[in-house]
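These are the residues of each chain, in order.
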Amino acid sequence: MALNRSFRERLELALIYLGLSLFTLIAVLPFLHTIARSFSAEAPIARGEVYIWPVRFTLDAYQRLIHGGAFWRGYQNSFIITTVGTAVQMVMTVLAAYPLSRPRLPGRSLLMVLILFQMIFPPGLIPFYLTVRQSGLMNTYWAVIIPYAINTFNLIVLINYFRALPPEMEEAAIIDGANDFQVLRYVTLPLSMPVIMTLTLFYAVENWNLFLPAIFFITDGNKQPVQVILRDMIWSLQLMTQTASADQLERAAGLESLKAASVFITAIPMLVLYPFIQRFFIKGIMLGAVKQ
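My aim in this report is to walk through the structure given alongside it, one point at a time. (Residues numbered from 1 in each chain as written. Predicted model: local features only at pLDDT ≥ 70, side-chain atom pairs only at ≥ 80, totals over all residues. Heavy atoms only, no water.)

1. A look at the nonpolar core
At step 1: L155, L158, F162 and V195 are the most contacted members of the largest nonpolar core, which totals 24 residues.
At step 2: Broken down by secondary-structure element, the contributors of at least two residues to this core are helix 4 (70-100), helix 5 (108-120), helix 7 (152-164), helix 9 (180-191) and helix 10 (193-208).
At step 3: Discounting residues that sit within four places of it in the chain, L155 has contacts with T93, A96, A97, L100, I115 and I150.
At step 4: Judged by nonpolar contacts, the second largest core, of 19 residues, contains F71, Y75, V226 and I234. (Core = buried A, V, L, I, M, F, W, Y, C linked by side-chain atoms within 4.5 Å. Buried < 20%, exposed > 50% of the residue type's maximum accessible area, 1.4 Å probe, protein only. Helix = DSSP H or I, 4+ residues; strand = E, 2+ residues; numbered from the N terminus. Contact = heavy atoms within 4.5 Å.)

Right under this line is the structure:
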């Protein structure tokens, strides 16, 4: 009986590792394929010869991305929007979630109903655009930061996390003379680092991938994020390749390799950031997503 149980446990463990390996392969292969396409010439890509290894290795796609300085200007704009936007969003989300998680807040139920109503029925695009324009935020970084200062889903996750914290710790701090801001700073936030780091990652990824809001609210090319710059570069290259000769396509990076290079190079900051937050990720989102 013990031998059969041991064999069954080893079999289950082997199946688990096999399943995880397959999922990892499914996740990694498209990324390797994208990297291979970014370093390959256009002709092998068009013929379907590129899989996970570059064919006719070339750096032409990356040279096109950095040529003229527009790409790096967009990269800098995205970095500013991501850094400032994430900081503003986390401060606003924490300051909104903490009082909404306290039962003693007057009108808390009504506020939660209004927040959920806004989540289910978001405002229309045209009134939203007119509001931003009349606020004088057009063609500024704040146009894509202030209107998106609080994500409703992230707010609800943080509210539920704060509710799950032991109330005795807050009561002990209040008895010792701490006010609400001191309780938040010295008691609640240190206990909430997993969900804080998780939401920081959510906001950072959202800000880094900002596209449509930047198109609507930022028409100044010197302030547009890297995603909009890449869109313009791909459109320009698409027009050029429609009139290029076969020899030019053989020697130059074309549309597909440029797309792959843009995907890879814009993913680098998030790939660098994620390992530092990964240990908080699962614990934070699971504890904050379940109402206690």
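So much for the structure itself; the text now carries on.
2. So, the packing of aromatic side chains
At step 1: Taken as a whole, this structure holds 13 aromatic pairs when the rule is applied.
At step 2: The interplanar angle of 75° and the centroid separation of 5.1 Å between the aromatic rings of F71 and W72 together place this pair among those described as edge-to-face.
At step 3: Taking 5.2 Å as the distance between ring centres and 80° as the angle between the ring planes, the aromatic pair formed by Y75 and W208 counts as edge-to-face. Taken together, the residues span a long stretch of sequence, with Y75 in helix 4 and W208 in helix 10 at a distance of 133 residues.
At step 4: Judged by its relative accessible area of 16%, Y75 is buried.
At step 5: The structure contains a cluster of three or more aromatic residues connected by ring pairs, namely F128, Y129, Y148, F216 and F217. (Phe/Tyr/Trp six-rings, centres within 6.5 Å; stacked < 30°, edge-to-face > 60°.)

3. So, unusual backbone geometry
At step 1: Of note, R56 is a non-glycine position whose phi angle comes to about 55°, a positive value.
At step 2: Its location among the elements puts R56 in the loop between helix 2 (42-46) and helix 3 (60-66).
At step 3: Backbone geometry places N139, a non-glycine residue, at a positive phi of 60°.
At step 4: Of note, N139 is situated in the loop between helix 6 (125-134) and helix 7.

4. Side note on empty space enclosed by the protein
At step 1: If you walk through the whole model with that rule in mind, you get one cavity of 30 Å³ or more.
At step 2: Computed from the structure, the largest cavity encloses a volume of approximately 60 Å³.
At step 3: Lining the largest cavity, in full, are R102, F162, L165, P166, P167, M169, E170, V187, T188 and L191.
At step 4: For the lining of the largest cavity, the elements supplying multiple residues, two or more each, are helix 8 (167-175) and helix 9.
At step 5: The residue inventory of the lining of the largest cavity, partitioned by class, reads seven nonpolar, one polar and two charged. (1 Å grid on protein atoms, 1.4 Å probe; cavity = no way out; pocket = protein on both sides within 12 Å on 5 of 7 lines; lining within 4 Å. Points joined across faces, edges and corners; volume = space filled by probe spheres on them. Nonpolar A, V, L, I, M, F, W, Y, C, P; charged D, E, K, R; others polar.)

5. Observations regarding helix 7
At step 1: Between its first and last C-alpha, helix 7 extends 19 Å over 13 residues, near the 18 Å set by a 1.5 Å rise per residue.
At step 2: Turning to helix 7, its buried residues are T152, N154, L155, V157, L158, I159, N160, Y161 and F162.
At step 3: Where helix 7 starts, the residue carrying a side-chain oxygen 3.0 Å from the main-chain nitrogen of F153 turns out to be N151. (Expected span 1.5 Å × (residues − 1). Polar contact = N/O pair within 3.5 Å; in protein donor to acceptor, adjacent residues only side chain to side chain.)

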